[in-house]
Amino acid sequence: MSTVGNSTNIFWHECAVGNIDRQKLLNQKGCVVWITGLSGSGKSTLACSLGRELHSRGKLSYVLDGDNLRHGLNKNLGFSAEDRTENIRRVGEVGKLFADAGLICIASLISPYRKDRDACRAMLPVGNFIEAKIHDYLLYVFMNMPLEVCEERDVKGLYKLARAGKIKGFTGIDDPYEPPLNCEIELTLADGICPSPIDMAGQVASYLGEKGFLHYD
Ligand SMILES: Nc1ncnc2c1ncn2[C@@H]1O[C@H](COP(=O)(O)OS(=O)(=O)O)[C@@H](OP(=O)(O)O)[C@H]1O
Ligand SMILES: Nc1ncnc2c1ncn2[C@@H]1O[C@H](COP(=O)(O)OP(=O)(O)O)[C@@H](O)[C@H]1O
């Protein structure tokens, strides 16, 4: 019996089928691939491309997209620092459940503040897999696209509105984006050109393969 947050007198219930059973069933290791970067940097595009790549390799994944989650789970949150923190915390917790379910969870959110991303790392520290290898099972992918590139794309017209002062607290304009100091993968321009989503997805999938997430034995 314990107290967690505001809940008192609560108990943890274990089930007979556990995380290892599910990972064996799926022949993969559950993890969270967390894509962070500015609006318009290509997070959602990479998330979908990676999902497709993993699907084609017979691996089960699920995309948690910040914009989409704000239509449901997170629809009571705005863009204040406190709300963004709560947004990241909730998605971290959901990602942890997906990873525990054995899936490769692809989270795609601006997640601009370092302390919020660090808190997610602390929430999903290490996976102790059966062969005794220890992996981080939260992997950060930094979409390191220059603001000018994102602003030039401006698919939703939000940068224009932010520059005109019609959106307040827009990331990269009048709200900070704090680049990761310890990401697993950084994707950026090569000779001034953005690699294709398929190439980027291939790079992330290869990383997952090398780290042993795409099989379970
Ligand atoms: N003020 C402000 N700042 C940044 N972004 C804004 C803002 N207002 C609305 N939007 C739109 O919301 C999408 C980002 O949602 P996220 O949940 O990923 O943001 S965060 O991680 O909580 O910072 C983001 O989507 P993406 O362009 O896909 O990143 C924007 O379309
Ligand atoms: N690798 C890429 N190369 C060129 N354009 C891209 C690439 N990835 C995304 N884009 C384009 O950039 C725009 C923003 O992409 P999106 O995935 O919606 O970004 P985010 O989710 O970070 O806001 C879209 O028009 C998309 O087609």
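What counts as what
Residues numbered from 1 in each chain as written. Chains lettered and ligands numbered in written order. Predicted model: local features only at pLDDT ≥ 70, side-chain atom pairs only at ≥ 80, totals over all residues. Heavy atoms only, no water. Helix = DSSP H or I, 4+ residues; strand = E, 2+ residues; numbered from the N terminus. Buried < 20%, exposed > 50% of the residue type's maximum accessible area, 1.4 Å probe, protein only. Contact = heavy atoms within 4.5 Å. Phe/Tyr/Trp six-rings, centres within 6.5 Å; stacked < 30°, edge-to-face > 60°. Lys NZ or Arg CZ within 6 Å of the ring centre and 35° of its normal. Near = heavy atom within 4 Å. Polar contact = N/O pair within 3.5 Å; in protein donor to acceptor, adjacent residues only side chain to side chain. Areas by Shrake-Rupley, 256 points an atom, 1.4 Å probe, with all protein chains shown as cover. Nonpolar A, V, L, I, M, F, W, Y, C, P; charged D, E, K, R; others polar.

## Thoughts on the side chain of Ser 61
And then number 1: Tracing the sequence through the fold places Ser 61 in strand β4 (residues 61-65).
And then number 2: Here Ser 61 falls in the buried class, since its relative accessible area comes to 18%.
And then number 3: Filtering out sequence-adjacent residues up to four positions away, Ser 61 remains in contact with Gly 51, Leu 54, Leu 103, Ile 104 and Ile 106.

## Thoughts on the packing of aromatic side chains
And then number 1: By the definition in use, this model includes four aromatic pairs.
And then number 2: Judged by centre distance (6.1 Å) and plane angle (65°), the ring pair of Trp 34 and Tyr 140 falls under edge-to-face. Here Trp 34, found in strand β3 (residues 31-37), pairs with Tyr 140, found in strand β8 (residues 138-143); they are 106 residues apart in sequence, far enough to count as distant. Considered together, Trp 34 and Tyr 140 belong to a single accessibility category, that of buried residues.
And then number 3: For Lys 29, the ring lying beneath its charged end belongs to Tyr 216, and the centroid distance is 5.7 Å.
And then number 4: The ring of Phe 79 carries the charged tip of Arg 70 above its face, separated from the ring centre by 3.8 Å.

## Brief notes about the site of ligand 2
And then number 1: Neighbouring ligand 2 are 14 residues, the closest being Gly 40, Lys 43, Ser 44, Thr 45 and Pro 195.
And then number 2: Taking Leu 38, its main chain carries an N or O atom lying 3.5 Å from an oxygen atom of ligand 2.
And then number 3: Gly 40 places a main-chain nitrogen or oxygen 2.7 Å from an oxygen atom of ligand 2.
And then number 4: Surface burial for ligand 2 is 72%, taken as the share of its 560 Å² of free accessible area covered by protein chains.
And then number 5: A total of three residues in the shell around ligand 2 trace back to one element, the largest contributor, which is helix α2 (residues 43-56).
And then number 6: The residue makeup of the shell around ligand 2, split by class, is five nonpolar, seven polar and two charged.

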